[in-house]
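Now for the letters of each chain:
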Amino acid sequence: MSAASRPEDAAARRWRPPSAAIAILFAALVGGVLVFASGANPFDAYAQIFLGALAFDNWPNTLNWATPLVGMTLVAAIPLRGGMVNLGGDGQLVIGALVAAIIPVYLPGPGPLVAIAALGAAAIAAGLYAALAAWGETRHGVPMLISSLLLSYPAVGVASYIVRFPLRDATTGLPQTALVPEGARLMNLSGPLNIGLLIIASITLLVLFVDRRTVAGYELRMRGINRRFAGYGGVRLDAQAMRVMFVSGAIAGLVGAIIVLGSQFRFIDDALLTPSYTWSGLMAALLANGEPAGAILAGLFFAALQTGGFAMQREIAVPRVLTMVLQSIVILFLAMRHGAGKATR
Amino acid sequence: MAGAAVPELEAVGIVKRYGALIANDHVDLVVARGEIHGIMGENGAGKSTLMSILYGLQKPDEGRVLLRGAQVHFRSAVDAIAEGMGMVHQAFKLFNSFSVWENIVYGAEPRRGAFIDRRAARRNVAELSERHRLGVDPDAIVGRLSVGVRQRVEILKALYRDARLLILDEPTAVLTPLERDGLFAVMRHLAGEGRTILFVTHKLHEVMAITDRVTVLRDGRVTEQVKTSETDARAIVRAMTGRSVNLTVAKGPARLGATLLEAIDLTISAAGGKPLVDNVALRVRAGEIVGLAGVAGNGQSELVEALVGLRPLDGGKVRVGGVDVSGADVATRRAAGIAYIPEDRASVGSALPASAADNLAMSFHRAFPLARRGLIDASAIAARARALIARFGVKITSESAPVGSLSGGNLQKVVVARELSHEAPALIAEQPTRGVDVGAIEFIHAELIAERDAGRAILLVSSELSEILALSDRILVMYEGRILADLLRERADEETLGLLMAGRAPEAA
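Residues numbered from 1 in each chain as written. Chains lettered and ligands numbered in written order. Predicted model: local features only at pLDDT ≥ 70, side-chain atom pairs only at ≥ 80, totals over all residues.

Caption draft 1: Structural view of the overall build of chain B. Across its full length, chain B carries 17 helices and 24 strands. The C-alpha radius of gyration of chain B comes to 26 Å, within 12% of the 23 Å expected for a compact globule of 509 residues. Projected onto its principal axes, the C-alpha positions of chain B cover 80 × 50 × 45 Å. Taken across its 509 residues, chain B has 50% of its residues classed as buried. By sequence separation, contacts in chain B at least 24 residues apart represent 68% of the contacts at least 6 residues apart. (Helix = DSSP H or I, 4+ residues; strand = E, 2+ residues; numbered from the N terminus. Rg over C-alpha atoms; globule rule 2.2 N^0.38 Å. Buried ≥ 20, exposed ≤ 12 C-beta atoms within 10 Å, placed from the backbone. Contact = placed C-beta atoms within 7 Å.)

Here it is as structure tokens:
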């Protein structure tokens, strides 16, 4: 029994300090050195980030930025909880946005109903597209890590074509669709905030509930810990992968639809991908290894960091790319401590 | 001659650890010049580790290796090759798109100036092949050759570098019987030339047929080192699989009921080889324990995976309680009445970082009382876990502690507790006591007997003969994918089973 029991004892003894906190601290140090090297005062920079994100007046901005970012965090975190990786968030986001931009222009009817139809159709279209990657893995053995990413490019490309040619708004010279009628736009709450914030907030709560309280959440968690154990216990892994990817893609589609119906009111080529919500969301999900509460917190943290980055750039002219550097260092540091394989096992 | 007294190769007190696992535990090995020396042991006994150490692929944590009396410190296989060693790996290391001669001279090409002397290289290879009667065409493209011929190319590669000591790592695993006989002829010829051969295998009859001496490993230790002519198959099987603990389990006569678990002509093919499971038929009736004996690696794991639904069938049927579940997935088969204690409790049977409660809930988690309309009832899961922990005497701080902290025996009790609590008509117990302490062994055995007496059909898969003999009412012996024998317990003893496990039919039927 001695030899057999030891590895398990060792696994239990290897308790780790909260590595996310250490990683953030370390990133702040490296970032500070970078700022200092570029000739600015690191303390000023961090103060501006902090105020820019969290001063009371700036809350709406931060929340507005957090809405898509936390949404995309869920997109990455849900599959990751089960040990799967969805790298196709960009494509799913764009599909959702395009569908949501087209439906209100062509579907007659009372505004709110049209908006609901657009949101639903966006979610379903993007969800199906994401499930395609799972289908490729379960039926044809194409790793989802690869297929989800590769499927993203044609989606982005075709959307770009559609807004440049067939559905281009001829009244402007830009690659964008016609404006969504006012009735179908998402209700405004205050300042830049619209009802999309509440939609994402309720989805967030729903995800937490499913993760902790439902059979589906239990099965996904077990799969993430040990896929073979889940399969041995009777979890239908293939169907589960399809479902999980559908949900993940559907949330990405909703995020796209919320951006279109809530703030841009049309599909503008490239406008959705420039802020790279997908990748920030993926990083937030990785930071928490797919655990939804942690991922949501990390997503909020990144949203605050990025909003603060705008303030810093405005006030003391330190480029906001610094905040992306901070984000990356946090992730790199965590990957070093845990080993790259651990997060995706 | 002084050379006759000094062993060709000697290993003294070799220790190799991987984390907490001891792969080689003070292994001693003495190999005389010109002998064919068998290295026996089950999968995971430490054979491959020992060979990599001898060949310089890995460094031992302790111990010395002596070649022709002088201690060597190989930094890599290159050093070993320079000292006249050669190794043929299980997975060949050949360029498939190159010709035979290119593969053989690679890294040691005869040169003319800056160029390879192709003609000399070709000629050398052809001569070598002829001298050792290997019959390999130097111009053939390796990728088009059969597995047996490719293996000869590997042997030629070693001979081209004038290897005086050859390590063959499970060379027969991929060969047909005819190719195997050819290999044996080559081995005898090489030994006759004074070359030394280390022959790694877990097939008993091969060791008996070809080796001069044999060293048996079990759990990283040498359990036997004898002249082949002075031992027999039974002694080697015992050295490979035996366990010193004396197993006695009290049990009454079996009260047989209906057939609850059945395989009909079950076949699992392997890519380009003989099937892993070959037309196996088995029936397990209510109230009996059927023992499936066999040296590990003869198709038992694949058969079990096919029974529980983790591996698709290539032919045949599986019936549970009379219902055909051949195409059904794991969940359906579990619902039809199979519980399964898997061989590997850590990587299949449990989720180590998860709590005991979560582990014990698996495959009960969809139905009442643990779940209702898709919602998990956490308190029901905890209550159930507490009850099972108490009933099975699992030593754990609480049901919310991760099972990764448990000892092997306690973790196995968690797995056994979960599977037995299904009260499923059919139970498949695969190596149910491997690597657990004596107390847990006795406990698990008693539970299995209790299940049998409660009218379950139990298929016990074990490579421990003592366990098979102690628990079974009927014993099947599996060898190279087939069921070689079906014996009542009264008809079986260690000797008969040992011979059958080695692939020989009993002499007197």
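That covers the picture; the talk isn't over yet.
Caption draft 2: Structural context of the sheet that holds strand β1 (residues 9-18) of chain B. All names here are of chain B. Across the sheet, 4 strands lie side by side as β2-β1-β4-β5; this open sheet has antiparallel pairing. Each of the sheet's edge strands pairs with one partner strand only, and the pair in question is β2 (21-31) and β5 (70-72). Sheet twist, expressed as the mean angle between neighbouring strand axes with direction ignored, is 30°. Of the pairings in the sheet, the one linking β1 to β2 comprises 7 bridges and is antiparallel in character. From the neighbouring strand, Y18 faces β2, where its bridge partner is L21. Against the sheet, helix α2 (residues 47-54) engages β1, β2 and β4 (62-67), with an angle of about 120° to β1. (Pairing = 2+ DSSP bridges. Axes fitted to C-alpha atoms, helices over the stretch in contact; angles between N-to-C directions.)

Caption draft 3: Seen up close, the nonpolar core. By size, the foremost hydrophobic cluster in this structure holds 161 residues, and its most contacted members are L460(B) and V477(B). Sequence-distant contacts of V477(B), defined by excluding residues within four places in its chain, comprise A293(B), G294(B), L484(B), A485(B), L497(B), L500(B) and M501(B). Of all hydrophobic cores here, the second largest spans 103 residues; its members include A45(A), W65(A), A284(A) and I296(A). (Core = buried A, V, L, I, M, F, W, Y, C linked by C-beta atoms within 7 Å.)

Caption draft 4: Seen up close, the pairing of strand β24 (residues 482-488) of chain B. Note: strand β23 (residues 474-479) of chain B against β24(B), 6 bridges, orientation antiparallel. Note that in β24(B) the partner of I475(B) across the bridge is L487(B).

Caption draft 5: Seen up close, the packing of helix α3 (residues 42-54) of chain A against helix α13 (residues 292-316) of chain A. All names here are of chain A. At a closest axis distance of 7 Å, the pairing of α3 and α13 adopts a crossing angle of 120°. Classed by the angle they form, the pair α3 and α13 counts as oblique. When you trace α3 past α13, the crossing you get is right-handed. Of α13, the residues touching α3 (which contributes D44, A45, Q48, I49, F50, L51, G52, A53 and L54) are A304, L305, T307, G308, G309, F310, A311, M312, E315 and I316. The residue makeup of the contact of α3 with α13, split by class, is 12 nonpolar, 5 polar and 2 charged. (Parallel < 35°, antiparallel > 145°, perpendicular 65-115°, else oblique. Left-handed = near helix turned anticlockwise from the far one by under 90°. Nonpolar A, V, L, I, M, F, W, Y, C, P; charged D, E, K, R; others polar.)

Caption draft 6: Up close: the sheet that holds strand β22 (residues 457-461) of chain B. Residue and element names in this part refer to chain B. The strand order across the open sheet formed by 6 strands is β18-β21-β22-β15-β23-β24, and the pairing between neighbours is mixed. Edge positions in the open sheet fall to β18 (338-341) and β24, since each of these has one partner strand only. Neighbour-to-neighbour, the strand axes of this sheet turn through a mean angle of 20°, independent of strand direction. As judged from the 4 bridges shared by strand β15 (residues 289-293) and β22, these two strands associate in the parallel manner. When the sheet's bridge partners are listed, G291 is paired in β22 with L460. Against the sheet, helix α10 (residues 300-308) contacts β15, β18, β21 (426-430), β22 and β23, and its axis sits at roughly 150° relative to β21. Packed on one face of the sheet, helix α14 (residues 408-420) meets β18 and β21 and runs near 175° to β18.

Caption draft 7: Region of the structure containing unusual backbone geometry. Between F368(B) and P369(B) the backbone carries a cis peptide bond, its omega angle lying at 5°. Here P369(B) is to be found in the loop between α12 (356-361) and β19 (371-372). You will see that D270(A), though not glycine, has its phi angle at about 75°, which is positive. Topologically, D270(A) is positioned in the loop between α11 (237-264) and α12 (277-287). Of the residues examined, D270(A) has 13 C-beta atoms within 10 Å and is grouped as partly exposed.

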